[in-house]
Every structure is written in structure tokens, then in C-alpha cells.
Amino acid sequence: MFSTEFSQLVVKLNQPFTDQKPGTSGLRKSTLKFEEPNYLESFIESIFRALPGVQGGVLIVGGDGRYGNKRAIDIIIRMAAAHGIQKVITTVDGILSTPAASNLIRKNKAIGGIILSASHNPGGLEGDFGVKLNGSNGGPASESLTDEIYSYSKNLKEYKIIKCQSNNIYSAGQYKLASMIVDIVDGIEDYLDLMQTIFDFDLISSYIKNDFPIVFDALNAVTGPYAKRLFVDHLGSTSETVRNAIPLEDFGGLHPDPNLTYAKDLADLLLKGNLYSFGAACDGDGDRNMILGRGCFVNPSDSLAILAANYDCVPGYSKGLSGVARSMPTSSAVDVVAKHLGINCFETPTGWKFFGNLLDANKITLCGEESFGTGSDHVREKDGLWAVLFWLQILATKKKSVSEILRNHWLVFGRHYYSRHDYESIPAEVANSLYSRLFNMLPSLKGQTFGGRSIQNADDFSYTDPIDGSITLKQGLRILLDDGSRALVRLSGTGTKGATLRVYFEKFVKSNGDITQDPQLALKPLIKDIDYLAEISKRTRMSTPSVIT
Ligand code: VG1
Ligand code: CO
């Protein structure tokens with residue numbers, strides 16, 4: 001319980017706050033950095049100065065349960081009260097996934113939400129912490145808002161906070177702090193209610209109870225409590241369905257990034273064992289998803305295309321799709337489906353915020369990224385468990401295995417061989433010089449041979465938002481070949497140790513071609529030539545990437 005005794009404090013700062021990068025909708029740093037005095041407070045103060053509607057507004061706050069989550073919620077609540085927020089809505093134990101936060105913002109007409117997570121980065125004292133800001137539409141803060149936060153943060157001299165005994169309440173109920181209401185809600189049921197408006201829970205339930213065993217790995221992160229309530233309580237699956245179900249401050253040492261490297265135990269269960277017909281995992285904050293079938297892995301780009309192609313299996317989308325979108329590095333598999341459906345397909349820069357305007361304007365219903373992110377207009381974030389339910393709904397309707405669904409898709413639409421190679425934690429100077437060297441080479445590449453084909457164009461991707469006309473430059477280097485194949489190079493914006501170089505490869509094979517190859521083999525000429533051209537292994541001194549998807 002909050003003490004009734006409190007006073008308002010204005011804390012003076014000795015130095016300005018310069019860590020917030022312009023154009024990024026949050027702050028992601030090492031946990032230790034966030035432990036420094038006034039560090040978190042400085043960023044939160046900048047948010048409260050820039051966010052519209054703070055006086056008398058409603059704010060959603062919660063996080064993925066990593067180390068620092070509860071302390072941060074406490075600080076944000078006390079600062080919110082000092083800034084005239086009317087109500088903060090947070091959740092039992094402070095556990096709130098990113099898509100569930102997006103839902104709460106929209107449902108409660110909040111001015112925005114603060115989500116405490118470094119997403120798929122490891123947690124704990126040796127890991128990372130993060131603060132993500134979402135706006136009133138439920139999506140990641142727009143670039144104009146984050147630029148404003150940045151300009152406040154640079155000149156920050158003080159912050160406001162309520163001083164009172166620390167709050168340790170994390171059970172449901174309403175409390176008062178000064179004149180502000182703190183509403184602690186369950187959080188999970190709101191989200192599952194939304195899922196029930198989209199999917200047919202009865203159909204999925206009877207399917208998975210009857211000889212279609214599934215397994216879900218929460219990687220000791222935020223989705224555990226959601227998944228247990230969903231799969232066990234609502235859908236009637238056995239309690240063993242959810243692995244690593246309790247959110248832990250350090251994720252039990254796991255790296256909560258659902259890919260074949262970091263969710264290897266789950267991948268092995270599906271790829272090597274035969275206990276389960278379907279497997280899935282989500283990341284730290286529950287917005288990413290990985291889908292596996294018995295003996296098969298679904299590439300996220302294919303996953304988006306398959307969801308779009310099978311939209312009519314899902315009651316929530318039975319009226320049809322208004323359009324689809326994918327980030328630039330995501331494969332064009334969904335473009336082919338959009339063409340077939342006669343709807344628009346938009347190509348945006350990396351990052352969910354670029355889908356926001358298209359979703360708000362009802363130009364798209366589904367969207368996704370190659371980085372294990374898929375979502376729809378039901379919220380303004382990618383949504384891990386939603387994607388899992390979408391897959392289960394397709395499987396329960398078609399009564400086919402995951403590998404049959406995949407194969408049938410390629411037989412109809414052709415196959416976009418696709419892979420992403422990540423070189424993690426490389427020295428920033430190495431990454432930057434490699435990148436600028438390749439950038440400088442772009443104009444001379446046209447017409448040259450690459451991966452056995454001719455380079456049709458080579459450029460740095462830029463994007464004009466079709467709704468507000470805003471322009472975003474420098475979104476990744478592209479080598480585009482005359483048969484539609486591509487090799488792309490980007491620097492990650494989410495890593496915290498050194499730099500991460502991402503290299504993406506795509507090659508299309510028609511439905512009557514060889515659709516059964518191993519992607520690394522099918523893409524070998526492209527992989528070999530980008531290494532030669534950009535001197536990746538030579539400059540990074542890494543003979544293989546850290547993660548291959
Ligand atoms: C990565 C992914 C990108 C995703 C972003 C945030 O960014 O590539 O597709 O939108 O993470 O995901 P980058 O700059 O490291 O490539 V999450 O799960 O942090 O909300
Ligand atoms: Co995430």
C-alpha cells in the first residue's frame with residue numbers, strides 16, 4: 001500500500017541526458033546503466049514533457065518481468081503522479097506483454113504506454129533493460145514524438161517525482177497516490193478476451209486435445225502466464241504444454257530470442273523428436289513468434305505469406321484483408337499472395353512503427369517482419385501468441401501438418417528461399433567501415449555479375465510514408481538482381497554490445513522448380529558473393545555468422 005504521507009520533489013541533475021537516440025521509440029541499454037542514479041528518471045522525465053495529454057491522462061505501465069521491472073514501475077508511477085497523470089493502469093506483478101500493452105492502451109483510450117523490456121535481449125544484472133514508449137494508437141512512438149523526447153532530454157536540468165514510501169503492491173485493486181489513481185488489473189484476461197473475438201477457441205481446443213500435441217516455450221519470459229491461461233485453462237491442453245512458464249528476472253539465463261540458435265531445446269524437440277506436432281516460442285516481451293512443425297521450421301517470411309493466404313480460416317478476418325505490408329528485408333513471399341488476392345502490399349523500413357499509419361488508415365490488415373514478427377490491425381504491435389493462434393486455427397481448419405501446409409503453399413505460389421545471417425557483437429568501427437565501404441561501392445555495381453546473375457540495381461533503401469508523406473532515408477543496402485533475387489546488408493539498431501551486422505538473402509523459385517532444397521544451399525552463390533564483395537568474414541574475423549535463420 002502506498003503511504004498516505006508524500007511530498008513532491010524536484011531533483012536537480014548535474015548533467016544533461018544524451019543517451020536517447022533520435023528516431024528510436026525507446027531506450028535499450030545494459031541493466032547496469034539503468035542502475036546509475038537518475039538515469040531512468042531522466043528518460044521518463046523527457047517522456048512526460050513530450051507526450052501529449054499528460055495532464056489528466058491515463059497511462060499504461062508494465063513490463064516483461066526482467067530485473068529492474070518492478071523498480072521502474074514504482075518510479076514511473078511516482079513520476080506520473082508528480083506530472084498530473086490522472087490514472088496509471090498497471091498489472092498484477094507488473095507483468096505485461098508488448099501486444100497486451102498495446103491492447104490496454106487502445107481499450108482504455110490512454111495517452112500511451114511505457115513498456116519495460118529490452119525485448120529479445122538477455123536480462124538480469126549482466127543483461128539489458130529497456131523502456132519502450134507507445135503512443136495513443138497503441139503502437140511504437142512516432143519519429144516526431146521521439147525526436148521531441150530527444151530534444152527535451154538533451155537540455156534536462158531536473159525531474160519531478162513524488163516522494164513516499166516505496167510501493168510493493170502487485171495484486172489487483174485500485175489505490176491512490178496523491179491525487180492519482182493506480183489501477184492494478186489482471187492484464188491477461190483482457191488480452192485473451194481480444195483473442196476470442198478473432199479466433200474460434202472451440203475449434204482449436206478440440207483439435208489440439210485430439211491427437212495434435214503442441215508445445216510452447218515461454219523462455220522464462222513474459223508470455224508464460226498468458227500461455228498457461230490460454231493453452232491450459234482456455235484450450236484444455238495439458239499443463240506440460242508450456243515450458244519455462246514462469247517469468248524470471250534473468251530469464252533463467254536463457255536468451256529470450258525465439259530462433260533456432262537461442263530456442264534450441266524447443267527446436268530439437270520438433271526437428272529431432274516426434275512427441276509434438278506443433279511447437280512455438282515467443283521472445284522476452286511476447287511480440288515475436290517462432291513456428292515449428294514436426295521435422296520442420298517455418299521461416300518467418302513464409303509464415304506471414306501463409307497467414308495471408310489462409311486468412312479465411314480465421315473468423316476475425318472472414319470479411320477479407322484490406323491489404324498487407326512487410327518490412328523491406330522480409331521476403332517477397334507475401335507480395336505474391338497479395339497479388340493473388342488482388343490487394344495492396346506495402347514495403348516499409350524495418351521496425352513496427354512504420355506499419356502504424358497503414359493500420360490506422362485501414363490500408364492493411366496483416367503485416368510482418370522477417371525477424372519473427374507478425375501482427376494485424378487488432379493491436380499496433382507485433383503479437384507472438386496471436387500468430388501461434390492463427391497457425392493453430394489454420395491447422396485445425398485444414399487438418400494438415402505444418403510441413404504439408406508449407407509444401408502446399410510453395411506448390412501454389414512458388415518458394416522464396418530466404419535466410420538472414422547475423423554477425424553479433426562485432427567492434428563498431430569494423431561494422432561501420434564495412435558498411436560505408438559497401439555503400440560507396442553501390443553506384444559501380446550495376447550490371448556486374450553477382451550470385452551468377454546480373455545486378456539490376458544497388459541502392460540504400462528509403463521510404464515515403466503513403467499516409468503522411470514523411471521520408472525515411474538510409475534503411476539498408478540492397479543489391480537487386482535481374483531475377484528478383486536480393487542480398488541486403490543492414491546494421492542493427494537494437495543490439496547493445498558493439499555492433500550487429502545483418503545480411504539477408506532471397507531467391508525465388510517458381511512452383512514448378514526445385515522447392516525442396518536446403519535454403520543455405522539454394523542461396524550459396526549469393527552468400528559467397530556478398531562475402532567476397534563486402535569482405536565480411538575477412539573484416540569481422542568470423543568464419544560463420546553468430547545466428548543463421
Ligand atoms: C530488430 C529486428 C526488427 C524488429 C526490431 C524490434 O531490429 O530486425 O525487425 O522490428 O528488432 O523487435 P534490428 O535493428 O536489430 O535489426 V523487438 O522484438 O525489440 O520489439
Ligand atoms: Co520483442
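Residues numbered from 1 in each chain as written. Chains lettered and ligands numbered in written order. Predicted model: local features only at pLDDT ≥ 70, side-chain atom pairs only at ≥ 80, totals over all residues. Heavy atoms only, no water.

This part is about the site of ligand 1. Of all residues adjacent to ligand 1, which total 18 residues, the nearest are Ser-119, Ser-371, Ser-492, Thr-494 and Arg-502. At 2.9 Å from an oxygen atom of ligand 1 is found a side-chain nitrogen or oxygen belonging to Asp-287. Ser-371 has a polar side-chain atom sitting 2.6 Å from an oxygen atom of ligand 1. Each residue belonging to the shell around ligand 1 can be placed in one class, and the counts come to no nonpolar, eight polar and ten charged. (Near = heavy atom within 4 Å. Polar contact = N/O pair within 3.5 Å; in protein donor to acceptor, adjacent residues only side chain to side chain. Nonpolar A, V, L, I, M, F, W, Y, C, P; charged D, E, K, R; others polar.)

All right, on to the domain arrangement of the protein chain then. When its domains are assigned, the protein chain resolves into domain 1 (7–185), domain 2 (192–413) and domain 3 (415–548). Summarising the inter-unit geometry, the C-alpha centres of domain 1 and domain 3 are found 36 Å apart. Both faces combined, the contact of domain 1 with domain 3 buries some 410 Å², and carbon together with sulfur accounts for 36% of it. Where domain 1 touches domain 3, the interface holds zero salt bridges. Here the residues of the side of domain 1 that touches domain 3 sort into no nonpolar, two polar and five charged. (Domains from an automatic or database assignment. Buried area = accessible area lost by both parts, 1.4 Å probe. Salt bridge = Lys/Arg side-chain N within 4 Å of Asp/Glu carboxyl O.)

Its location among the elements puts Asp-250 in the loop between β11 (242–243) and α9 (264–271). A relative accessible area of 37% means that Asp-250 is categorised as partly exposed. Measuring from C-alpha to C-alpha, the distance between Asp-250 and Ala-221 comes to 8.8 Å, with 29 residues separating the pair along the chain. Excluding residues that lie within four positions of it along the chain, Asp-250 makes contacts with Gly-123 and Gly-124. (Helix = DSSP H or I, 4+ residues; strand = E, 2+ residues; numbered from the N terminus. Buried < 20%, exposed > 50% of the residue type's maximum accessible area, 1.4 Å probe, protein only. Contact = heavy atoms within 4.5 Å.)

What follows concerns the coordination of the cobalt ion (ligand 2). The cobalt ion (ligand 2) binds to the protein through Ser-119 (OG), Asp-283 (OD), Asp-285 (OD) and Asp-287 (OD), with metal-donor distances spanning 2.0 to 2.2 Å. Counting along the primary sequence, the residues that act as donors to the cobalt ion (ligand 2) give the motif S-x163-D-x1-D-x1-D. Taken as a pair, Asp-283 and Asp-287 share a single burial class, namely buried. (Donors = N, O, S within 2.8 Å, 3.2 Å for Na, K, Ca; no water.)

Within the element layout of this structure, Leu-292 appears in strand β13 (residues 289–293). A relative accessible area of 0% means that Leu-292 is categorised as buried. Note: C-alpha distance between Leu-292 and Gly-279 (13 residues apart in sequence) is 4.9 Å.

Strand β5 (residues 112–116) sits mainly inside the fold: five of its five residues count as buried. The two faces of β5 match: Gly-112, Ile-114 and Leu-116 on one face and Gly-113 and Ile-115 on the other face are all buried. One ladder, built from five bridges, connects strand β3 (residues 58–63) with β5; its direction is parallel. If you follow Gly-62 over to β5, its bridge partner there is Ile-115. As judged from the four bridges shared by β5 and strand β6 (residues 128–134), these two strands associate in the antiparallel manner. Bridge pairing in β6 links Ile-115 to Lys-132. (Pairing = 2+ DSSP bridges.)

Applying the stated criterion across every chain, the model contains zero disulfides. Here Cys-313 is not cross-linked by a disulfide; its sulfur's nearest cysteine counterpart is in Cys-296, at 17 Å. (Disulfide = S-S within 2.5 Å.)

In this section: the packing of helix α6 (residues 188–198) against helix α13 (residues 384–398). Packing of α6 against α13 brings their axes to within 11 Å, and their N-to-C directions diverge by 30°. The angle between the axes of α6 and α13 places the two elements in the roughly parallel class. Here α6 and α13 pass one another in a crossing that is right-handed. Judged by residue contacts, Tyr-191, Met-195 and Ile-198 of α6 engage Leu-385, Trp-386 and Leu-389 from α13. Class assignment for the residues of the contact of α6 with α13 results in six nonpolar, no polar and no charged. (Axes fitted to C-alpha atoms, helices over the stretch in contact; angles between N-to-C directions. Parallel < 35°, antiparallel > 145°, perpendicular 65-115°, else oblique. Left-handed = near helix turned anticlockwise from the far one by under 90°.)

Moving on to the environment of Leu-116. In this structure, Leu-116 sits in strand β5. Relative accessible area serves as the criterion here: at 0%, Leu-116 is assigned to the buried category. In sequence terms Leu-116 and Leu-133 are 17 residues apart; their C-alpha atoms lie 8.9 Å from each other. When residues no more than four places from it in sequence are discounted, the contact partners of Leu-116 are Val-61, Gly-62, Gly-63, Asp-64, Asn-69, Ala-72, Ile-73, Ile-76, Phe-129, Gly-130 and Val-131.

What follows deals with the packing of aromatic side chains. To describe a pair of aromatic rings, one takes the distance between the centres and the angle between the planes. Throughout the structure, instances matching the rule amount to twelve aromatic pairs. Ring plane angle 65° and centroid distance 6.1 Å describe the contact between Phe-199 and Phe-390, whose orientation is recorded as edge-to-face. Taken as a pair, Phe-199 in the loop between α6 and α7 (201–209) and Phe-390 in helix α13 lie far apart in primary sequence, 191 residues in all. The exposure class assigned to Phe-199 is buried, which follows from its relative accessible area of 3%. Grouping aromatic residues by their ring pairs yields a cluster made of Phe-199, Tyr-317, Trp-386 and Phe-390. One Lys or Arg, Arg-415, reaches over the ring of Trp-410 and ends 3.8 Å from the middle of that ring. (Phe/Tyr/Trp six-rings, centres within 6.5 Å; stacked < 30°, edge-to-face > 60°. Lys NZ or Arg CZ within 6 Å of the ring centre and 35° of its normal.)

Further remarks concern the sheet that holds strand β26 (residues 499–509). Ordered in space as β20-β21-β24-β25-β26-β19-β27, the seven strands form an open sheet in which the pairing is antiparallel. Edge positions in the sheet fall to β20 (449–450) and β27 (547–548), since each has one partner strand and no second. Pairing geometry for strand β19 (residues 415–426) and β26, over ten bridges, is antiparallel. Its bridge partner being in β26, His-416 is matched across the sheet by Phe-508. Across the sheet, helix α15 (residues 428–445) lies against β19, β21 (453–460), β24 (477–481), β25 (486–491) and β26, angled at about 120° from β21, the strand it touches most. Contacting β19, β20, β24, β25 and β26, helix α17 (residues 524–534) crosses the sheet at an angle of about 140° to β26.

Phe-199, Phe-216, Phe-231, Phe-278, Trp-386, Trp-391 and Leu-392 are the most contacted members of the largest nonpolar core, which totals 107 residues. The greatest single-element share of this core, amounting to eleven residues, is contributed by α13. The residues contacting Trp-391, other than those within four sequence positions of it, are Phe-278, Ile-291, Val-298, Ser-303, Ile-306, Leu-307, Val-402 and Ile-405. By size, the runner-up hydrophobic cluster in this structure holds 47 residues, among which are Ile-77, Ala-141, Leu-145 and Ile-162. (Core = buried A, V, L, I, M, F, W, Y, C linked by side-chain atoms within 4.5 Å.)

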